[in-house]
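Chain residues, written in single-letter form:
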Amino acid sequence: MFETAFTIEWGDCDEAGIVFYPNYFYWLDCTYQRWLRRHGLSQRELRRRFNSVTPLVNVAAQFIGPARYDDELVVRAEVAEWRERRFRIDYKLSVGNVQVAGGFEQRAWASLTDTGELRGANVPPEFRELLK
């Protein structure tokens, strides 16, 4: 389980004064990137250490209630499923004790070839251990 928070800014909101929905997808990705950094990783470090990246292959969100300007949005993430070449991260987004959204990202593990192409590969056990 990983947790982080974002302060909702004016520019994150639509004309109704609530968060504009694409921002939730941005915050899901930011949460994943922060989680990697917590474990000494980043996209550059994944490339250097594993010669791999973790592209999105599926993402979804469910919007339960509004989040507004100046709210603190808390995002909790956990790996819900490990597969040989993919993993799924489930997210819960809350303001105070009220859940306002939920979602998931399914990411693949892809190695970089000498020509720069991506090839599906098995998720290394070392990476799995880091996200526990």
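Keep in mind it's a predicted model, so treat the numbers as computed, not measured. (Residues numbered from 1 in each chain as written. Predicted model: local features only at pLDDT ≥ 70, side-chain atom pairs only at ≥ 80, totals over all residues. Heavy atoms only, no water.)

### Looking at the state of the cysteines
- All chains considered together, the criterion is met by zero disulfides.
- The cysteine cysteine 30 is free of any disulfide, with cysteine 13 supplying the nearest cysteine sulfur at 16 Å.
- Looking at cysteine 30, the relative accessible area reads 17%, which means it is buried. (Disulfide = S-S within 2.5 Å. Buried < 20%, exposed > 50% of the residue type's maximum accessible area, 1.4 Å probe, protein only.)

### Some remarks on the nonpolar core
- Core analysis: the biggest nonpolar cluster contains 33 residues, and Tyr24, Leu73, Ile89, Tyr91, Leu93, Val100 and Phe127 have the highest contact counts within it.
- Among the elements of the structure, β1 (2-7), α1 (22-38), α2 (43-50), β4 (72-82), β5 (86-95), β6 (98-108) and α3 (125-130) are those that each provide at least two residues to this core.
- The greatest single-element share of this core, amounting to seven residues, is contributed by α1.
- If near-sequence neighbours (up to four positions away) are discounted, valine 100 is found in contact with Tyr24, Gln62, Phe63, Ile64, Gly65, Pro66, Ala67, Leu73, Leu93, Ser94 and Val95. (Core = buried A, V, L, I, M, F, W, Y, C linked by side-chain atoms within 4.5 Å. Helix = DSSP H or I, 4+ residues; strand = E, 2+ residues; numbered from the N terminus. Contact = heavy atoms within 4.5 Å.)

### Let's talk about unusual backbone geometry
- For asparagine 51, which is not a glycine, the phi torsion comes out positive at approximately 55°.
- Summarising the element assignment, asparagine 51 is placed in the loop between α2 and β2 (52-53).
- The residue aspartate 70 is not glycine, and still its phi comes out positive at about 80°.
- Position of aspartate 70 among the secondary structure elements: in the loop between β3 (56-63) and β4.

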